[in-house]
Amino acid sequence: MVDIALSWDFTEEFVTEDEVLTQARLKAEELGASPVPPSVGALLKLLANLSGARAVFEIGTGGGVSGLYLLSGMPANGVLTSIDAEGEFQRLARANFTAAGYESTRVRLFNARALDMMPRMNQGAYDLVFIDGDSLEVPYYLPQADRMLRPGGLLIITHALLGGDVANPAKRDEKTAGMRQVVTDLGKAEDYETTVLPVADGLLVAHKVAAAN
Ligand SMILES: C[S@@+](CC[C@H](N)C(=O)[O-])C[C@H]1O[C@@H](n2cnc3c(N)ncnc32)[C@H](O)[C@@H]1O
């Protein structure tokens, strides 16, 4: 028999966080900013690193935990652009990026609602788009994320399984139905290669396929 809970704990404890990340996580949790768990953070770092992402766009700065992981996987000239509606969270995130030794030019923070800001971002300008904002709004983020992402880029969405609700056809509330539609649409889209990983609350990773010449 597979013990999912035991495996789950193991994957979280498997990741060792340094002092800056440990403190950042503690402060983010105190503030109620819901940082990504270590398993997701480590995967973000790996994917940013493997894809060579220089321009990363994030919805949901929170206290900066996911941002710290992304930055640690990006090259030294990479820039993280991150949006959050909560200024207090972003002040903590800025302090955490500074504590980790990142120059202020490496991180552009916008205190705004994602759907107000995304249409103003440049088309095809981002190598990686990471969505960790309001799960209810993900269907509305998707067209903008697609517009902003360059061909060959990566789209990553948290809470893609919503604690099992997405897989349960009896669950039809707006948030679940919306996330299920996003997962289904990306799974069928010819211009994306998509996988959903059962890590934490589900992580969707989609590669925007570059058009053949
Ligand atoms: C799960 S937390 C992000 C955690 C962060 N990624 C981390 O790992 O440290 C979700 C964040 O999305 C922000 N948020 C929620 N709705 C938003 C919206 N419509 N526009 C921008 N930010 C939003 C919240 O303020 C919150 O900080």
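Just so we're clear, the structure is a prediction, and the values are computed from it rather than from any experiment.

1. Notes on the site of the ligand
Near the ligand there are 24 residues, and of these Val36, Gly60, Ser66, Asp84 and Asp132 occur at the shortest range. Contacts to the ligand include Val65, whose backbone N or O atom sits 3.1 Å from an oxygen atom. Ser66 has a polar side-chain atom sitting 2.7 Å from a nitrogen atom of the ligand. Compared with its free state, where it exposes 610 Å², the ligand has 89% of that area covered by protein. Residue classes in the shell around the ligand are distributed as nine nonpolar, eight polar and seven charged.

2. Focus on the pattern of salt bridges
For side chains of opposite charge, pairing can occur when their charged atoms come near one another. Per the stated rule, a full pass over the model turns up four salt bridges. Between Glu17 and Arg25 there is a salt bridge; the shortest N-O distance is 2.7 Å. Among the salt bridges present, the one from Lys208 reaches Asp146, with a minimum N-O distance of 3.3 Å. Separated by 62 residues along the polypeptide, Lys208 in strand S7 (residues 203-208) and Asp146 in helix H7 (residues 138-148) bring together distant segments of the chain. Residue class for Lys208 comes out buried when judged on its relative accessible area of 11%.

3. Quick notes on a nonpolar patch on the surface
Taken together, the side chains of Val2, Ile4 and Trp8 make up a nonpolar region of the molecular surface, amounting to roughly 330 Å² of accessible area. Within the secondary structure, Trp8 is located in helix H1 (residues 4-14). For Trp8, a relative accessible area of 40% translates into the label partly exposed.

4. Some thoughts on the sheet that holds S7
Strand order in the open sheet made by the seven strands is S3-S2-S1-S4-S5-S7-S6, with mixed pairing throughout. Edge positions in the sheet fall to strand S3 (107-111) and strand S6 (192-197), since each of these pairs with one other strand and no more. Strand-to-strand twist across the sheet, computed as the mean angle between neighbouring axes with direction ignored, equals 15°. Two elements, strand S1 (residues 55-59) and strand S2 (residues 79-84), share five bridges in a ladder whose sense is parallel. If you follow Ala55 over to S2, its bridge partner there is Val79. The strands that helix H5 (residues 87-99) touches are S2 and S3; relative to S3, the one it contacts most, it runs at about 170°.

5. Remarks on helix H3 (residues 38-51)
With 14 residues, H3 should reach 20 Å at 1.5 Å per residue; the first-to-last C-alpha distance of 20 Å fits that figure. The set of residues buried in H3 consists of Pro38, Ser39, Val40, Gly41, Leu43, Leu44, Leu47 and Ala48. Of the residues trailing H3, Gly52 is marked for its positive phi of about 65°.

What counts, and where the lines are drawn
- Residues numbered from 1 in each chain as written.
- Predicted model: local features only at pLDDT ≥ 70, side-chain atom pairs only at ≥ 80, totals over all residues.
- Heavy atoms only, no water.
- Near = heavy atom within 4 Å.
- Polar contact = N/O pair within 3.5 Å; in protein donor to acceptor, adjacent residues only side chain to side chain.
- Areas by Shrake-Rupley, 256 points an atom, 1.4 Å probe, with all protein chains shown as cover.
- Nonpolar A, V, L, I, M, F, W, Y, C, P; charged D, E, K, R; others polar.
- Salt bridge = Lys/Arg side-chain N within 4 Å of Asp/Glu carboxyl O.
- Helix = DSSP H or I, 4+ residues; strand = E, 2+ residues; numbered from the N terminus.
- Buried < 20%, exposed > 50% of the residue type's maximum accessible area, 1.4 Å probe, protein only.
- Patch = residues over 30% accessible without salt bridge, like charges linked within 9 Å, V, L, I, M, F, W, Y side chains within 5 Å.
- Pairing = 2+ DSSP bridges.
- Axes fitted to C-alpha atoms, helices over the stretch in contact; angles between N-to-C directions.
- Contact = heavy atoms within 4.5 Å.
- Expected span 1.5 Å × (residues − 1).

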